[in-house]
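# An overview of the molecular structure
This is what each chain is made of:
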Amino acid sequence: MDKSNTEELKTCLLYAKYDGMKKFKAINISSLEFVDNLIYASMMQDSECNKKALKEIANENKNISLVLQLRYKGRVVFATNG
């Protein structure tokens, strides 16, 4: 397979922030809780399907200005608009 034409999906950590928060925090999407220990943070691939789902979640929570980020090795690879 020619790797030059395919982009490898990255497994990322999910971060979130809403009105009143100064910084993004890792989040466990199953329990809807922010976590300090990254072992409990939700992980997902940076696929177009996942990005679309995160955009929908952010749009459904515009009233609290929810912003979601996917981070890979500490760098933001995707973010919803706040």
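Let me begin by describing the structure that accompanies this report. (Residues numbered from 1 in each chain as written. Predicted model: local features only at pLDDT ≥ 70, side-chain atom pairs only at ≥ 80, totals over all residues. Heavy atoms only, no water.)

### Quick notes on the side chain of lysine 51
Topologically, lysine 51 is positioned in helix 1 (residues 48-60). With relative accessibility at 16%, the residue lysine 51 sits in the buried group. (Helix = DSSP H or I, 4+ residues; strand = E, 2+ residues; numbered from the N terminus. Buried < 20%, exposed > 50% of the residue type's maximum accessible area, 1.4 Å probe, protein only.)

### Some remarks on the nonpolar core
Burial of nonpolar side chains together is a common tendency in soluble globular proteins. Counting ten residues, the largest nonpolar core consists of Cys12, Leu14, Ala16, Ile27, Met44, Leu54, Leu66, Leu68, Leu70 and Phe78. Counting only elements with at least two residues in this core, the list comes to strand 1 (11-17) and strand 5 (67-72). For this core, the leading source of residues is strand 1, giving three residues. Apart from residues no more than four positions distant in its own chain, phenylalanine 78 is found in contact with Lys51, Leu54, Lys55, Leu68, Gln69 and Leu70. (Core = buried A, V, L, I, M, F, W, Y, C linked by side-chain atoms within 4.5 Å. Contact = heavy atoms within 4.5 Å.)

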